[in-house]
Amino acid sequence: MRVCTKPIQLKYTILAAGVLGLVLRTILYATGIDGRGLLEAGHWADIALWILTGGALAVLFFGTRPIASAVSQDDLPASPLRGIGAFAAAVGIGITTISEFATFSSRLMLIVWLLGLCSAVSMALAGVAYLRGRKPHCLLHAVLCVYFALRMLSRYRMWSATPQLQDYCFYLMAYASLMLTAYHRAAFGAGMGSLRSLWFFSLGTVYLCCLSLKGAADYVLLLGCGIWAFAGLPAETGEGRAAQVPGDGSPAEG
């Protein structure tokens, strides 16, 4: 039985799709705005973007199916690349949090701001652990999961006032995907993760963060966390162990 290498190619396919989606959104907002400041209905870039998104979702769904769901402590070993990804997230969250100082107008926004500081520190500690060859504690990613969940809620309060869903739908999905990626990274730290789910949500995060860079006030956060999601994936389908095909309990053979 061959080792499943398709998800390795999938990483770069989804990244390329995300870059293409960012180009389409840039074209859309450059040429598809009407006299009222709203997006034109039926603009070709808008249609192409949704077709691309549907295609990317289908590729993710079917492309991650061959990945074994069972967790192994060797699936996400410590590595310098994961350390760099964690530091990228720490920098992105840290810069965004500092720039939002004293801009919160509700108790929820204050809580989110404080969690932003904690999350930046958590990711910095995770980066140090990875670079030292140790796996970070699951609570470091659990803090990040809570931060993304509450930040999504606080941002939605502002986004919901926007007259067109297209203006913020990708931001909303990006934060939901970031939250689920952090959840599965925390689950791996506790020895209970699903490798298939980690691949799906991590690559979904990469795609959605790419699209959300256009016009986002917190683009530094999205960029840093997109790098974190991409860098955190295994170099192979089972980096520290042979990948297995569902339905076959024997290790895959090359």
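Here we summarise the structure given alongside this text. (Residues numbered from 1 in each chain as written. Predicted model: local features only at pLDDT ≥ 70, side-chain atom pairs only at ≥ 80, totals over all residues. Heavy atoms only, no water.)

## Topic: the overall build of the chain
Using the following cut-off: The secondary structure listing takes helices from DSSP runs of H or I that are at least 4 residues long and strands from runs of E that are at least 2 residues long, numbered from the N terminus. Remark: exposure states derive from per-residue accessible area (1.4 Å probe, protein chains only) relative to the maximum for the residue type, with buried under 20%, exposed over 50%, and partly exposed in between. We call two residues contacting when some pair of their heavy atoms lies within 4.5 Å.
Looking only at helices and strands, one finds eight helices and zero strands in the chain. Tracing the chain from N to C terminus, the helices and strands come up as α-α-α-α-α-α-α-α. The buried share of the chain, reckoned over its 254 residues, is 48%. When contacts within the chain are restricted to residue pairs at least 6 apart in sequence, those whose partners lie at least 24 apart make up 78%.

## Structural notes on the packing of aromatic side chains
Note the threshold: Between 30 and 60 degrees the pair is tilted, below 30 it is stacked and above 60 it is edge-to-face, where a pair is any two Phe, Tyr or Trp rings, Trp via its six-membered ring, whose centres lie within 6.5 Å.
Tallied over the entire structure, the rule returns 11 aromatic pairs. Consider the rings of W159 and Y168, whose centres lie 6.3 Å apart with planes at 15°: the pair is stacked. In this structure W159 comes out as buried when scored by relative accessible area, which is 10%. Residue classification places Y168 among the buried residues on the basis of a relative accessible area of 9%.

## A few points about helix 2 (residues 44-63)
Operational definition: Under the convention used throughout, the expected extent of a helix is 1.5 Å for every residue step, that is, one less than its residue count. The arc in question is traced by the directions running from the helix axis to the C-beta atoms.
For helix 2, built from 20 residues, the straight-helix expectation of 28 Å at 1.5 Å per residue is met to within 8% by its first-to-last C-alpha distance of 28 Å. Those residues of helix 2 that fall on the buried side of the exposure criterion are A45, D46, L49, L52, T53, A56, L60 and G63. Burial along helix 2 is one-sided: seen end-on, the buried residues are contained in an arc of 135°. Seen from the buried face of helix 2, the exposed residues on the opposite side, beyond 90 degrees, are W44 and I51.

## Observations regarding helix 3 (residues 80-99)
Residue pairs spaced three or four apart in an α-helix point in one direction, given the helix's 3.6 residues per turn. For helix 3, spanning 20 residues, the distance from its first C-alpha to its last is 28 Å, which sits close to the expected 28 Å at 1.5 Å a residue. Among all positions in helix 3, only R82, G83, G85, A86, A88, A89, A90, G92, I93, G94, T96 and T97 are buried. In the core, the buried residues of helix 3 are packed alongside helix 4 (107-131), helix 5 (138-159) and helix 8 (219-231).

## Observations regarding the packing of helix 4 against helix 5
Which entries qualify depends on this criterion: As a rule, the C-alpha atoms of each element are fitted with a line to give its axis, helices using only the stretch in contact, and angles between N-to-C directions run from 0 to 180 degrees. Throughout, a crossing is termed right-handed when the near helix is turned clockwise from the far one, and left-handed when it is turned anticlockwise from it by less than a right angle. Basically, the charged four are Asp, Glu, Lys and Arg, the nonpolar ten are Ala, Val, Leu, Ile, Met, Phe, Trp, Tyr, Cys and Pro, and anything else, Gly included, counts as polar.
It is at 8 Å that the axes of helix 4 and helix 5 come closest, and there the two elements cross at 150°. Relative to helix 5, the crossing made by helix 4 is left-handed. Partitioning the contact of helix 4 with helix 5 into residue classes produces 17 nonpolar, five polar and two charged.

## Concerning the layout of surface pockets
The criterion, for reference: A pocket here means an open set of points on a 1 Å grid, computed over the protein atoms alone, that has protein on both sides within 12 Å along at least five of seven lines. A cavity is instead a set of points where a 1.4 Å probe fits but cannot get out; residues with an atom within 4 Å of a point line either one. Grid points are joined across faces, edges and corners, and a volume is the space filled by probe spheres set on the points.
Considering only enclosed or pocket space, the largest pocket measures out at about 230 Å³ in volume. When contributions to the lining of the largest pocket are tallied by element, the ones reaching two or more residues are helix 2, helix 6 (169-189) and helix 7 (195-212). In terms of residue class, the lining of the largest pocket is made up of 10 nonpolar, four polar and no charged.

## Side note on the environment of A78
Among the structural elements, A78 can be located in the loop between helix 2 and helix 3. Separated by 52 residues in sequence, A78 and Y130 place their C-alpha atoms 4.8 Å apart. Non-local contacts of A78, meaning those with residues more than four positions away in its chain, are made with Y130, G133, R134 and K135.

## A few points about the packing of helix 6 against helix 8
Packed helices, taken two at a time, are described by their axes: the angle between them and the distance between them. Definition in use: What sets the label is the angle itself: under 35 degrees gives roughly parallel, over 145 gives roughly antiparallel, 65 to 115 gives roughly perpendicular, and the rest give oblique.
Where helix 6 contacts helix 8, the two axes come as close as 11 Å, and the packing angle between them is 40°. Here helix 6 is positioned oblique relative to helix 8, judged by the angle of their axes. Relative to helix 8, helix 6 is oriented so that their crossing is left-handed. Between helix 6 and helix 8, the residues in contact are Y171, Y175, L178, T181, A182 and R185 and L221, L222, C225 and W228, respectively.

## A few points about the pattern of salt bridges
If the charged atoms of two oppositely charged side chains come close together, the side chains can form a pair. Formally: Criterion for a salt bridge: a side-chain nitrogen of Lys or Arg within 4 Å of a carboxyl oxygen of Asp or Glu.
If you walk through the whole model with that rule in mind, you get three salt bridges. Residue D34 is joined to R36 by a salt bridge in which the shortest nitrogen-to-oxygen separation is 3.2 Å. D34 gets classed as partly exposed once you look at its relative accessible area, which sits at 21%. Overall, R36 belongs to the exposed group, its relative accessible area being 67%. The closest approach of N and O atoms between E100 and R151, which form a salt bridge, is 2.8 Å. Note that E100 is positioned in the loop between helix 3 and helix 4 and R151 in helix 5, a separation of 51 residues in sequence. Each of E100, R151 and D218 takes part in a single network of salt bridges with overlapping partners.

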